[in-house]
Amino acid sequence: MYNLVSFSGIFILMAFAWALSTDRKVVNWRAVVWGTALQLIFAVVIFVVPAGSKIFLLINDAVVKVLDSATAGTRFLFGRLALPPGTKNELGEESLGFFLAFQALPTVVFFASLMGALYYIGVMPRLIGFFSRLFTRFMKISGAESLCAASNIFVGVESATIIRPHLERMTRSELCTILTAGMATIASSVMALYVFILQRQFPTIAGHLVSASILSAPAAIVMSKLLLPETEKPETLGTDVKPHYEKESTLMESIINGANAGVKLVVGIAALLLALLGIMALVDSLFVGTGTGINTLLGLHVDWSLKGLLGYLFYPFTLIIGVPASDATMIAQMIGERTVLTEVKSYQDLAAALSADTLKDPRSAILAAYALCGFAHIPSLAIFVGGTAALAPKRAGDLSRVGLRALLAATLACLMTAAVAGTFYTQGSILLSK
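Summary of the structure given here.

Rules of the game
- Per chain, residues are indexed from 1 in the order of the written sequence.
- It should be noted that, the model being predicted, local features are given only for residues of pLDDT at least 70 and side-chain atom pairs only at 80 or more, the latter also being counted only at that level, while totals for whole chains, interfaces and linings use all residues.
- Side-chain metrics rest on all non-hydrogen atoms present in the structure, leaving aside hydrogens and water.
- Think of a 1 Å grid over the protein atoms and nothing else: a 1.4 Å probe that fits but is trapped marks a cavity, an open set flanked by protein within 12 Å on at least five of seven lines marks a pocket, and residues with an atom within 4 Å of a point count as lining.
- Grid points are joined across faces, edges and corners, and a volume is the space filled by probe spheres set on the points.
- Secondary structure follows DSSP: runs of H or I at least 4 residues long count as helices, runs of E at least 2 residues long count as strands, and numbering of each begins at the N terminus.
- Three categories are distinguished: nonpolar for Ala, Val, Leu, Ile, Met, Phe, Trp, Tyr, Cys and Pro, charged for Asp, Glu, Lys and Arg, and polar for the others, with Gly belonging to the last.
- Take the buried Ala, Val, Leu, Ile, Met, Phe, Trp, Tyr and Cys residues and link them wherever side-chain atoms come within 4.5 Å; each set so joined is a nonpolar core.
- Between buried and exposed lies partly exposed: a residue is buried under 20% and exposed over 50% of the maximum accessible area for its type, with that area taken using a 1.4 Å probe on protein chains only.
- The contact rule is simple, with two residues in contact once any of their heavy atoms fall within 4.5 Å.
- Pairing of N or O atoms within 3.5 Å defines a polar contact, subject to two protein rules: one partner must be a possible hydrogen donor and the other a possible acceptor, and residues neighboring in sequence count only if both atoms are side-chain atoms.
- Put simply, two rings from Phe, Tyr or Trp (the six-membered ring, in Trp's case) pair if the centres are within 6.5 Å, and we call them stacked under 30 degrees between planes, edge-to-face over 60, tilted for the rest.
- One fewer than the residue count of a helix, multiplied by 1.5 Å, yields its expected span.
- To count toward a patch, a residue needs a relative accessible area above 30% and no salt bridge. Like charges then connect within 9 Å, nonpolar side chains (Val, Leu, Ile, Met, Phe, Trp, Tyr) within 5 Å.
- Note on areas: Shrake-Rupley with a 1.4 Å probe; residue coverage comes only from the protein chains shown.
- For salt bridges, the criterion is a side-chain nitrogen of Lys or Arg within 4 Å of an Asp or Glu carboxyl oxygen.
- For every element, the axis is a line fit to its C-alpha atoms; helices are fit only across the contacting stretch, and the angle between N-to-C directions ranges from 0 to 180 degrees.
- Reported orientations rely on four angle classes, namely roughly parallel under 35 degrees, roughly antiparallel over 145, roughly perpendicular from 65 to 115, and oblique for the rest.
- Values of bend correspond, residue by residue, to the angle between axes fitted over the seven residues ending at that residue and the seven starting there.

Next up on the list: empty space enclosed by the protein. Under the criterion given, the structure shown has one cavity of 30 Å³ or more. Reported here for the largest cavity is a volume of approximately 50 Å³. Lining of the largest cavity is provided by ten residues; of these, Cys 148, Ala 160, Ile 178, Phe 384 and Thr 388 occupy positions nearest its centre. Secondary-structure elements contributing two or more residues to the lining of the largest cavity are α8 (172-184) and α15 (378-391). Broken down by element, the lining of the largest cavity gets its largest block of residues, three residues, from α8. For the lining of the largest cavity, a count of residues per class yields six nonpolar, four polar and no charged.

Okay, here's the thing in structure tokens:
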């Protein structure tokens, strides 16, 4: 039954986006239909076709093995602090527990460096080119936004640099799409962080995150084109666009530059968490203090914490994507929390819920993993708008104006991806079993 709910949720979410559209009469229905179809086709290959499931399980194992290699540097630098809970080092010393700063965040540096190397040897440009051509030809959108959306499957805010020559002349709908694609997906470097957080409780999490990032790219295009349809003629409509990037002179230079970029990313993540967790704790205390008085005065039983209030907001959407009612409140709070505190905190809460065995249905964890897989939060909105505006200063005003709509589109795209995964959820699937 829940699979049918998830399937219906795909179209309910699209209807919700269409209802909030800036111009419902000019929606590019080809992009919507083919974007949805591509997601379902990808999902069938990943979750239903045995060969596809095995390939993605191999990808899961490969990511985990690479992640294990990444810990060599952290163990050398931080010793026992870098040991995951329940493990020992060569000297027989036991782990001191989980430390985000010493165990998870350093993997971002390793993966950023690895991505730099894969760009240099040509692996990433080929993968990005494949998905870009797929989106352009089937959905009939511009080559520039297709290329940026495809790039976001693998990288983050830097994806805008590969279409830098086109940014100044892109339409408002195109700008909305590139922002949406950036916030609806995750970068491969940051994916390593989530894998590290959830791997012990969720052995196949790497496979889920890879599939979620692929599914979310067409979902981002669908939601963006529903919320802000194209009313102009894009310069690169229907044409393939080649990536614009400066290739390093040597492989070692690409590794070094990737590592340096990873360090900046780690510092940025840490700074955001330090600032936001403190600010949200302050806001929480104000809300809870005021709400307690209101509850006492009116005899209510409302959770006035920020997490609780956001949970109320996302509760119906959580039911729509097919999360069982028994777990919907908890998952809704995680999704709502992601909107202000980033997905890092939400994935930590998911890991804690799995460790404490507080989720009553394994389906809930699967759908939460997909719904949370994206940079769809307010801090990321500032980063993507600011980063893209730095590349195209003349479009800063347009980027700011479409930013909130792009954040909404990205949030709906992540929920749509979860609904697609929920449509094909089965207890027996090798990829969809914890």
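The structure having been displayed, the exposition proceeds.
Right, let's get into the nonpolar core. Core analysis: the largest hydrophobic core is formed by 131 residues, its most contacted members being Phe 135 and Met 223. Not counting residues up to four positions away in its chain, the partners in contact with Phe 135 are Leu 38, Lys 140, Ile 141, Ser 146, Ala 149, Ala 150, Ile 153, Ala 217, Pro 218 and Ile 221. Ranked by size, the runner-up nonpolar core spans six residues in total, among them Met 280, Leu 310, Val 340 and Leu 341.

Looking now at the side chain of Thr 236. Among the structural elements, Thr 236 can be located in the loop between α10 (205-227) and α11 (251-298). Assessed through its relative accessible area of 7%, Thr 236 is described here as buried. Side-chain polar atoms of Thr 236 contact the backbone nitrogen of Ala 144, separated by 3.1 Å. In contact with Thr 236, other than residues within four places in its own chain, are Ser 142, Gly 143, Ala 144, His 166, Glu 174 and Val 241.

Glancing now at the packing of aromatic side chains. One pass over the full model with this rule turns up eleven aromatic pairs. Taken together, a centroid distance of 6.5 Å and an interplanar angle of 40° make the contact between Phe 47 and Phe 424 tilted. Linking Phe 47 in helix α2 (residues 29-48) with Phe 424 in the segment after α16 (396-423), this pair joins segments that are 377 residues apart in sequence. Overall, Phe 47 belongs to the buried group, its relative accessible area being 5%. Phe 424 gets classed as buried once you look at its relative accessible area, which sits at 17%.

Okay, helix α3 (residues 50-78) next. In this model, α3 (29 residues) spans 42 Å end to end at C-alpha, consistent with the 42 Å of a helix rising 1.5 Å per residue. If you check which residues of α3 are buried, you get Gly 52, Ser 53, Phe 56, Asn 60, Val 63, Val 64, Leu 67, Ala 70, Thr 71 and Thr 74. Gly 79 occupies a position one or two residues after α3 and carries a positive phi of about 60°.

Together, Trp 34, Ile 41, Val 44, Val 45, Val 48, Val 49 and Phe 138 give the surface a local cluster of nonpolar side chains, amounting to about 510 Å² of exposed area. The biggest single contributor to the nonpolar patch is α2, with five residues. Of note, Val 45 is situated in helix α2.

Relative to the assigned elements, Ser 285 resides in helix α11. Each C-alpha atom, one on Ser 285 and one on Tyr 119, is 46 Å from the other, the two residues being 166 residues apart in sequence. Within the local environment of Ser 285, its side chain forms a polar contact with the backbone oxygen of Leu 282, the two atoms lying 2.6 Å apart.

Relative to the assigned elements, Thr 339 resides in helix α13 (residues 325-356). When near neighbours in sequence (up to four residues on either side) are disregarded, Thr 339 contacts Phe 314, Ala 376, His 377, Ile 378 and Pro 379.

In the contact formed by α13 and helix α14 (residues 362-371), the axes pass within 9 Å of each other and the chain directions differ by 5°. The orientation of α13 with respect to α14, classified from their angle, is roughly parallel. Contact with α13, carried on its side by Asp 327, Ile 331, Ile 335, Arg 338, Tyr 347, Leu 350 and Leu 354, involves Ser 364, Ala 365, Ala 368, Ala 369 and Ala 371 of α14 and no other residues of that element. Here the contact of α13 with α14 is built from residues that sort into nine nonpolar, one polar and two charged.

With the rule as written, the count across this model stands at eight salt bridges. A salt bridge links Lys 345 to Glu 337, with the shortest nitrogen-to-oxygen separation between them at 3.5 Å. Several salt bridges converge on common partners, so that one network encompasses Lys 307, Glu 337, Lys 345 and Asp 349.

As a volume, the second largest pocket reaches approximately 620 Å³. Taken together, 24 residues form the lining of the second largest pocket, with Ile 59, Met 124, Leu 127, Phe 154 and Val 210 sitting closest to its centre. Of all elements in the fold, only α2, α3, α4 (100-120), α5 (123-139), α9 (188-198) and α10 reach the threshold of two or more residues within the lining of the second largest pocket. If one sorts the elements of the lining of the second largest pocket by residue count, α3 sits on top with five residues. In terms of residue class, the lining of the second largest pocket is built from 22 nonpolar, two polar and no charged.

Our focus in this paragraph is α16. Given a rise of 1.5 Å per residue, 28 residues ought to cover 40 Å, and the 39 Å separating the end C-alpha atoms of α16 matches this to within 8%. Residue Gly 403 marks the point of greatest curvature in α16, where the axis turns by about 45°. Within α16, 21 of the 28 residues are buried, which leaves it mostly tucked inside the rest of the structure.

All right, on to unusual backbone geometry then. Even without a glycine there, the phi angle at Lys 140 is positive, about 55°. By relative accessible area, Lys 140 is classed as partly exposed at 42%. Residue Thr 342 is not a glycine yet carries a positive backbone phi of 75°. Considering the arrangement of structural elements, one finds Thr 342 in helix α13. Judged by relative accessible area, Thr 342 falls into the buried class, the value being 6%.

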